[in-house]
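So the chains spell out like this:
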Amino acid sequence: MAVEELQSIIKRCQILEEQDFKEEDFGLFQLAGQRCIDEGHIDQLFEITQNEKNKVIIKNMGWNLVGPVVRCLLWNDKEDDKRKYYFLMLDLLVKSCNPKELLLGLLELIEEPSGKQISQIILLLLQPLQTVIQKLQNNKAYSVGLALSTLWSQLSALPVPYSKEQIQADDYGLCQCCKALIEFTKPFVEEVVDDKENSMEKEKLKDELLKFCFKSLKCPLLAAQFPEPSEQADSDPLRHFASEIIGFLSAIGYPFPKVIFDHGRKKKTWDYLEFEEEEDRQLSDSVASLAYLVFVQGISIDQLPMVLSPSYLLQFNMGHTEVLLQRTEESVLSKGLDLLENGLLRLEDNSLLHQYLEIKSFLTVPQGLVKVMTLCPIETLRKKSLALLQLYINKLDSQGKYTLFRCLLNTSNHSGVEAFIIQNIKNQIDMSLKRTPNKWFTGPQLSSLLDLALFLPEGAETDLLQNSDRIMASLNLLRYLVIKDNEHDNQTGLWTELEKIENNFLKPLHTGLNMSKAHYEAEIKNSQEVQKSKDLCSVTVGGEEIPNMPPEMQLKVLHSALFTFDLIESVLARVEELIEIKTKSTSEENMR
């Protein structure tokens with residue numbers, strides 16, 4: 001019945017001129033064709049569409065059948081003898097129908113599915129889509145851009161496989177799609193390369209390909225986890241995809257050195273206004289991803305001029321590192337850390353000039369490392385950030401170290417980080433005293449740094465428990481200075497500043513310890529009384545109430561705090577004893 005109905009519609013349309021087809025004819029043709037498919041008459045439908053007499057009708061109306069045919073291929077489990085007709089039908093429609101209408105129809109079909117069906121339909125339709133675009137006579141660049149944008153939009157919805165096992169399984173088909181997408185794009189890249197006339201259409205096509213490459217660098221490549229360059233690099237599909245994308249950039253006139261080194265400069269980077277407007281907002285992640293792929297993964301690194309100095313390379317990669325460290329995803333953060341490590345390891349210790357700290361990223365990157373160290377839930381990344389901060393400090397010259405220490409003491413707001421910086425200050429002073437004196441870690445310059453290190457942020461009201469790491473580091477620094485620097489020599493300026501240190505640090509610390517110990521001893525007494533009643537209790541620590549917990553646990557927490565205060569008090573007493581011994585000894589010498 002459906003076949004006869006379709007033949008009747010076709011017979012009526014055969015006598016009409018192409019321009020006389022009505023909207024009603026299109027609707028009837030689509031409904032009848034759909035019924036043929038639904039009733040399983042795909043073989044007969046194929047014969048009808050193959051008939052040369054129906055060529056004009058199929059050219060104008062056949063695109064309406066693409067959707068039903070594709071859906072059957074995807075969602076119906078047809079027998080083999082029927083399934084081949086669906087493929088033949090799709091191939092025929094792609095070759096016969098109006099390419100403009102087909103393009104829109106295919107893109108609508110690609111946009112429909114979700115989940116695992118996304119890769120299925122993309123893999124099915126990429127070749128037909130390529131054929132249709134190549135048939136277009138006008139606006140090919142626009143059509144290529146529309147197709148690549150639609151494909152990328154769907155692929156970006158797929159989860160990026162992370163582990164080696166996930167990449168091999170490729171459950172959502174992303175890796176297969178990336179491989180197929182490269183083959184889809186190659187002919188259009190070749191068109192740009194082969195067109196020697198620099199026509200406007202070539203420039204537009206180049207721009208569409210450039211957009212696609214940058215989008216691909218951001219997704220999936222920014223989230224992708226790559227093996228070490230020496231480990232199974234050739235078999236990794238995402239690494240292969242990255243290599244091809246970088247190759248495309250070079251082929252269309254944007255080799256990676258130009259992209260990486262021009263990005264962020266004030267001069268015009270791209271040939272078209274749209275790229276200039278988009279650069280800061282959209283391209284930073286993509287260019288950072290490109291920098292990682294080149295410098296860490298080594299993809300196409302042979303294009304890099306060999307004359308570039310390590311500090312020059314670090315300068316350009318610091319901006320990209322900053323972008324990566326602003327993200328929170330594990331894979332992106334790890335890329336930022338790897339890129340920074342790659343740049344720092346090229347440098348000799350103490351060789352990075354302090355003038356580089358005038359560049360914004362050279363201060364924001366260590367601050368980014370501090371955020372990872374203190375806020376990231378992943379232990380391996382926290383530890384690596386700490387190691388890289390130390391490596392960064394080691395590479396700076398003395399004035400650079402001094403500037404960075406001041407910056408981090410003023411901005412980190414974290415006791416553990418401040419303790420780490422104070423320990424580094426102590427190490428620099430030690431090297432300066434043992435070797436050639438360094439003006440940044442002796443004398444007047446050091447005094448202003450000690451003002452920041454030997455200081456209680458809120459005086460006697462400072463939360464000593466929360467700041468215990470910093471306080472212990474400060475006391476250890478002070479103890480070291482008292483032992484190593486004699487009052488006569490006063491190389492560090494300690495003895496000149498001693499009165500200020502006593503007023504700003506030692507005396508408030510004494511008062512704070514007395515207040516804190518009294519508070520915690522009272523809380524212990526209260527907790528012990530509550531324990532006798534077998535009730536849950538709450539305790540206030542540092543102005544905040546500890547959540548209800550068994551009294552035994554509360555007592556353990558409180559005693560631990562008291563132990564910390566006792567430890568601080570014992571070091572404080574030792575420091576004051578050393579100061580007294582040194583000053584008394586100096587007084588006796590002066591009296592002789």
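Bear in mind that the values here come from a model prediction, so they are computed numbers and not experimental data.

Draft legend 1. Fine view of the overall build of the chain. Broken down by element type, the chain carries 25 helices and 2 strands. Across the 592 residues that make up the chain, the buried fraction comes to 50%. Taking the contacts inside the chain whose residues are at least 6 apart along the sequence as the reference set, 73% of them involve residues at least 24 apart.

Draft legend 2. Here's a closer look at the pattern of salt bridges. Taken as a whole and assessed by the stated rule, the structure comprises 20 salt bridges. Between lysine 434 and aspartate 430 there is a salt bridge whose closest N-O contact spans 3.0 Å. Placement of both lysine 434 and aspartate 430 in helix H21 (residues 415-434) is noted, with a separation of 4 residues, approximately one turn of the helix. A salt bridge links glutamate 569 to lysine 517; the nearest nitrogen and oxygen atoms lie 2.8 Å apart. Taken together, the residues glutamate 569 in helix H25 (residues 551-591) and lysine 517 in helix H24 (residues 494-533) connect sequence positions 52 residues apart.

Draft legend 3. Layout of the packing of helix H16 (residues 310-325) against helix H18 (residues 361-375). As a packed pair, H16 and H18 sit with axes 9 Å apart at the nearest point and diverge in direction by 40 degrees. Accordingly, the angle class assigned to the pair H16 and H18 is oblique. Viewed along their axes, H16 and H18 form a crossing whose handedness is left-handed. Taken together, the residues of H18 that come into contact with H16 (itself represented by Leu314, Gln315, Met318, Gly319, Thr321, Glu322 and Leu325) are Ser361, Phe362, Thr364, Val365, Gly368 and Leu369. For the contact of H16 with H18, a count of residues per class yields 6 nonpolar, 6 polar and 1 charged.

Draft legend 4. Quick look at the side chain of lysine 335. Relative to the assigned elements, lysine 335 resides in helix H17 (residues 330-344). For the buried lysine 335, no salt bridge exists, and the shortest N-O distance to an oppositely charged side chain is 7.6 Å, to aspartate 338. At a separation of 3.1 Å, a polar atom in the side chain of lysine 335 contacts the main-chain carbonyl oxygen of leucine 222. Among residues more than four places away in sequence, those in contact with lysine 335 are Leu221, Leu222, Ala223, Ala224, Gln225, Phe226, Tyr292 and Leu324.

Draft legend 5. Local environment of unusual backbone geometry. Following cysteine 219, the chain continues into proline 220 via a peptide bond in cis, with omega recorded as 15 degrees. Tracing the sequence through the fold places proline 220 in the loop between helix H12 (200-218) and helix H13 (237-251). You will see that serine 300, though not glycine, has its phi angle at about 60 degrees, which is positive. If you check the backbone angles, asparagine 413 has positive phi at about 50 degrees while not being a glycine.

Draft legend 6. Layout of the side chain of asparagine 424. Checked against the element boundaries, asparagine 424 lands in helix H21. With residues near it in sequence (within four places) discarded, asparagine 424 still touches Gln390, Ile393 and Phe405.

Draft legend 7. Looking closely at the packing of helix H11 (residues 174-194) against H13. Interhelical geometry of H11 versus H13 gives an angle of 15 degrees and a closest axis separation of 10 Å. With respect to H13, the axis of H11 lies roughly parallel. Relative to H13, H11 is oriented so that their crossing is left-handed. Each of Cys175, Cys178, Ile182, Thr185, Lys186, Val189 and Val193 in H11 lies in contact with H13, whose residues at this interface are Pro237, Leu238, Phe241, Glu244, Ile245, Phe248 and Ala251. The residue inventory of the contact of H11 with H13, partitioned by class, reads 11 nonpolar, 1 polar and 2 charged.

Draft legend 8. Layout of the state of the cysteines. All told, the structure shown has 0 disulfides when counted by the stated rule. Cysteine cysteine 175 is unpaired, with the sulfur of cysteine 178 as its nearest cysteine sulfur at 6.4 Å. Cysteine 178 supplies the cysteine sulfur nearest to cysteine 177, a cysteine that is in no disulfide, at a spacing of 7.1 Å.

Draft legend 9. Seen up close, helix H3 (residues 42-50). When we look at burial in H3, the residues that qualify are Ile42, Leu45, Phe46, Ile48 and Thr49. In an axial view of H3, the angular spread of the buried residues amounts to 160 degrees, which keeps them on one side of the axis.

Draft legend 10. Geometry of the packing of aromatic side chains. If you walk through the whole model with that rule in mind, you get 8 aromatic pairs. Judged by centre distance (5.1 Å) and plane angle (50 degrees), the ring pair of tyrosine 402 and tryptophan 440 falls under tilted. Here the residue tyrosine 402 occupies a position in helix H20 (residues 398-411), and tryptophan 440 occupies one in the loop between H21 and helix H22 (443-453), the gap between them amounting to 38 residues. This pair shows no difference in class: tyrosine 402 is buried, exactly as tryptophan 440 is. Each ring, one from phenylalanine 405 and one from phenylalanine 441, has its centre 6.0 Å from the other, and the planes form 65 degrees; the classification is edge-to-face. Placement of the pair is phenylalanine 405 in helix H20 and phenylalanine 441 in the loop between H21 and H22, with a sequence separation of 36 residues. One aromatic cluster is present, built from ring pairs that chain together Tyr402, Phe405, Trp440 and Phe441. Residue placement shows lysine 116 over the ring face of tyrosine 172; its charged tip is 5.5 Å from the ring centre. When the ring centre of tyrosine 292 is taken as origin, the NZ or CZ atom of lysine 335, which lies over that ring, is 5.2 Å away.

Draft legend 11. Seen up close, the environment of glycine 319. Tracing the chain through its elements places glycine 319 in helix H16. Taking C-alpha positions, glycine 319 is 9.0 Å from serine 284, a pair spaced 35 residues apart along the chain.

Draft legend 12. Summary view of the environment of glutamate 461. Looking at the secondary structure, you find glutamate 461 in the loop between H22 and helix H23 (468-484). What makes glutamate 461 exposed here is its relative accessible area of 57%. Separated by 54 residues in sequence, glutamate 461 and methionine 515 have C-alpha atoms that sit 8.7 Å apart.

Draft legend 13. Local environment of the nonpolar core. Within the largest apolar cluster, 95 residues are counted, with the highest numbers of intra-cluster contacts made by Leu129 and Phe184. When residues in this core are grouped by element, the largest group, 10 residues, is from H11. When near neighbours in sequence (up to four residues on either side) are disregarded, leucine 129 contacts Leu103, Leu106, Leu107, Ile110, Ala147, Leu151 and Phe184. Judged by nonpolar contacts, the second largest core, of 77 residues, contains Leu347, Val365, Leu369 and Phe565.

Draft legend 14. Just the confidence of the model for the chain, in detail. With 83% of its residues at a pLDDT of at least 70, the chain reaches an overall mean of 85. Of all secondary-structure elements in the chain, the lowest mean pLDDT belongs to strand S1 (residues 537-541), at 56, while helix H19 (residues 379-395) reaches the highest, 97. A low-confidence stretch, residues 266-270 (pLDDT under 50), is modelled with 12 contacts involving residues beyond four sequence positions or located in other chains.

Draft legend 15. Seen up close, the environment of valine 372. Looking at the element boundaries, valine 372 is found in helix H18. Look past the residues within four positions of valine 372 in its chain and what remains in contact with it is Leu333, Leu381, Arg382 and Ser385.

Rules used throughout
- Residues numbered from 1 in each chain as written.
- Predicted model: local features only at pLDDT ≥ 70, side-chain atom pairs only at ≥ 80, totals over all residues.
- Heavy atoms only, no water.
- Helix = DSSP H or I, 4+ residues; strand = E, 2+ residues; numbered from the N terminus.
- Buried < 20%, exposed > 50% of the residue type's maximum accessible area, 1.4 Å probe, protein only.
- Contact = heavy atoms within 4.5 Å.
- Salt bridge = Lys/Arg side-chain N within 4 Å of Asp/Glu carboxyl O.
- Axes fitted to C-alpha atoms, helices over the stretch in contact; angles between N-to-C directions.
- Parallel < 35°, antiparallel > 145°, perpendicular 65-115°, else oblique.
- Left-handed = near helix turned anticlockwise from the far one by under 90°.
- Nonpolar A, V, L, I, M, F, W, Y, C, P; charged D, E, K, R; others polar.
- Lys, Arg positive; Asp, Glu negative; His and termini not counted.
- Polar contact = N/O pair within 3.5 Å; in protein donor to acceptor, adjacent residues only side chain to side chain.
- Disulfide = S-S within 2.5 Å.
- Arc of directions from axis to C-beta.
- Phe/Tyr/Trp six-rings, centres within 6.5 Å; stacked < 30°, edge-to-face > 60°.
- Lys NZ or Arg CZ within 6 Å of the ring centre and 35° of its normal.
- Core = buried A, V, L, I, M, F, W, Y, C linked by side-chain atoms within 4.5 Å.
- pLDDT = per-residue confidence, 0-100.

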